[in-house]
Amino acid sequence: MAREQRGVSGGTELGRFLRAHRTRVTPEEAGLPLRPGLRRTPGLRREELATLAGVSIDYYTRLERGKETNPSASVVDALARVLKLDTAEHGHLRDLVACGVRRAVAEPVGELGRSVRPGVELLLDNLRPCPAYVVSRTMDIIACNPSGLRLFAGMGDWPADKRNVVRYVFLHPQARTLFDDWDEQIRACVGRLRALAGTEPDAPDLAELVSELHSKSPEFTDLWDRYDVRWHTHGSKTFRHPEVGDVTPGYQSMQIEGTVGQRFIAYYAEPGTPDHDKLVLLDMTSPKDISVRSPFSG
């Protein structure tokens, strides 16, 4: 179980993040001269990164080991530059530093985490036939319209309280063939959870999901150890759907203000196009079969 909980509790997320990204930058990429002989350490050594970032080796070592947790903004920016972090990764590094030595305590999920407002449920219904759903911070599907659930082929066979996007892409047997870019989908899902783990490492809902995925999916474990924090908020996705064939709708993900991490995700296609016609077919489900109401509400 220790391996399953890695990255969720114990140690510091700042140190884990730095170690994971240090191993990805080669000396050549960092502009260091090539030296003969084998290197035991993948990527940069601690002393190389410290020198390039303009900090002492002792200080950087303390950062990785969790003995120093509050580097200055200039040090954070220097580390991001040497580690070649993109905008999302750089922002996540700042978030980790902002947590400092505080052990993040999970914010009570309660009503604002699982209960969906009536107005949001109305929006889901009014968007038909466009697939739409609401996810919790750990990507449980907590409300949806009919096509929003049927888009994930076979997910409707799972109990409502087990319908989770990350669980689906890693564990459902239809997921690998449903997504045209399954490898990218699993990376984006792990990125979402990794970002949450960085700021709320002790959140019980996150720990439970991560533990399950570690125990059941080697691909999840490999990606979790890489510490990517990238995800997608808009674009298009191709689904090779067993009911309607190939469909490529656009999508938009939006944060729902005033909630604990809820997001509203909607797919769309231009009316009169083959993609829109296929979304209409997905929506042709009796309301008694699929409800927009949250399965977590009473």
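Residues numbered from 1 in each chain as written. Predicted model: local features only at pLDDT ≥ 70, side-chain atom pairs only at ≥ 80, totals over all residues. Heavy atoms only, no water.

**Quick look at the packing of helix 12 (residues 182-199) against helix 14 (residues 218-226)**
As a reminder of what qualifies: To get an axis, a line is fitted to the C-alpha atoms, and for a helix only the part in contact is used. The angle between two axes follows their N-to-C directions and goes from 0 to 180 degrees. Secondary structure is summarised from DSSP: a helix means a run of H or I of at least four residues, a strand means a run of E of at least two, and numbering begins at the N terminus for each. By the definition adopted for this analysis, an angle is roughly parallel if under 35 degrees, roughly antiparallel if over 145, roughly perpendicular if from 65 to 115, and oblique otherwise. Crossing handedness is read from the near helix: turned anticlockwise from the far helix by less than a right angle, it gives a left-handed crossing, and turned clockwise, a right-handed one. Here, residues are in contact when the closest pair of their heavy atoms is within 4.5 Å. Note on residue categories: nonpolar means Ala, Val, Leu, Ile, Met, Phe, Trp, Tyr, Cys or Pro, charged means Asp, Glu, Lys or Arg, and polar means any other residue, Gly included.
Between helix 12 and helix 14, the shortest axis-to-axis distance is 10 Å and the interhelical angle comes to 55 degrees. By the angle between their axes, helix 12 is oblique relative to helix 14. Of the two elements, helix 12 crosses helix 14, and the hand of that crossing is right-handed. Along the contact surface, helix 12 presents Trp182, Ile186, Arg187, Val190, Leu193, Arg194 and Ala197, while helix 14 presents Glu219, Phe220, Leu223 and Trp224. Classifying every residue of the contact of helix 12 with helix 14 by side-chain character gives eight nonpolar, no polar and three charged.

**Some thoughts on the packing of helix 2 (residues 13-22) against helix 6 (residues 87-99)**
In contact at an axis separation of 9 Å, helix 2 and helix 6 are set at 150 degrees when each is read in the N-to-C sense. As the angle between them shows, helix 2 and helix 6 are arranged roughly antiparallel. Classified by chirality, the crossing of helix 6 by helix 2 is left-handed. Contacts between helix 2 and helix 6 involve Glu13, Leu14, Phe17, Leu18 and His21 from the former and Glu89, His92, Leu93, Leu96 and Val97 from the latter. Class assignment of the residues belonging to the contact of helix 2 with helix 6 gives a composition of six nonpolar, two polar and two charged.

**Details of the pairing of strand 6 (residues 250-255)**
The side chains of a regular strand alternate, residue by residue, between the two faces of the sheet. For clarity, the cut-off: Only strands joined by at least two bridges in the DSSP assignment are considered to pair.
Across three bridges, strand 3 (residues 234-236) lies against strand 6 in antiparallel orientation. The residue of strand 6 that forms the bridge with Gly235 is Tyr251.

**Structural notes on the sheet that holds strand 7 (residues 263-268)**
Hydrogen bonds between backbone atoms are what pair the strands of a sheet, whose relative direction is either parallel or antiparallel. Overall, antiparallel pairing links the five strands, which are arranged 2-1-7-6-3 in an open sheet. What marks the edges here is a single partner per strand, and that holds for strand 2 (141-144) and strand 3. Between one strand axis and the next, the sheet turns by 20 degrees as a mean value, whatever way the strands run. Pairing analysis gives three bridges linking strand 1 (residues 132-135) to strand 2, with the strands arranged antiparallel. Bridge assignment links Val135 to a residue of strand 2, and that residue is Ile141. Here helix 8 (residues 118-126) sits on the sheet and contacts strand 1, strand 2 and strand 7; the angle it forms with strand 1, its principal contact strand, is near 150 degrees.

**Brief notes about the packing of aromatic side chains**
For any two aromatic rings, the description comes down to two numbers: the centre-to-centre distance and the angle of the planes. For clarity, the threshold we go by: Between rings of Phe, Tyr and Trp, where Trp is taken as its six-membered ring, a pair exists when centres lie within 6.5 Å; planes separated by under 30 degrees are stacked, by over 60 edge-to-face, and by other angles tilted. Any residue under 20% of the maximum accessible area for its type is buried, any over 50% is exposed, and the rest in between are partly exposed; the area is computed with a 1.4 Å probe on protein chains only. Criterion for a charge above a ring: Lys NZ or Arg CZ within 6 Å of the ring centre, and within 35 degrees of the ring normal.
By the definition in use, this model includes 12 aromatic pairs. On the basis of an interplanar angle of 70 degrees and a centroid distance of 5.5 Å, the ring pair of Tyr133 and Phe152 is categorised as edge-to-face. Taken as a pair, Tyr133 in strand 1 and Phe152 in the loop between helix 9 (146-150) and helix 10 (165-171) lie far apart in primary sequence, 19 residues in all. Each member of the pair, Tyr133 together with Phe152, is buried. Ring geometry for Phe152 against Tyr168: centres 5.5 Å apart, planes inclined by 80 degrees, an arrangement best described as edge-to-face. Here Phe152, found in the loop between helix 9 and helix 10, pairs with Tyr168, found in helix 10; they are 16 residues apart in sequence, far enough to count as distant. Assigned by exposure class, Phe152 and Tyr168 land together as buried. Following the ring pairs from residue to residue traces out a cluster consisting of Tyr133, Phe152, Trp158, Tyr168, Phe179, Phe239, Tyr251 and Tyr267. The ring centre of Tyr251 lies 4.9 Å from the NZ or CZ of Lys237, which sits over that ring.

**Here we look at the environment of Glu89**
Of note, Glu89 is situated in helix 6. Separated by 141 residues in sequence, Glu89 and Arg230 place their C-alpha atoms 7.1 Å apart. With residues near it in sequence (within four places) discarded, Glu89 still touches Phe17, His21, Lys84, Asp228, Val229 and Arg230.

**Describing helix 5 (residues 73-83)**
Along helix 5, the residues that are buried comprise Val75, Val76, Ala78, Leu79, Ala80, Val82 and Leu83. Looking at the buried residues of helix 5, the elements they touch are helix 2, helix 3 (46-53), helix 4 (57-65) and helix 6. Immediately beyond the C-terminal end of helix 5, within one or two residues, lies Lys84, with a positive phi of roughly 60 degrees.

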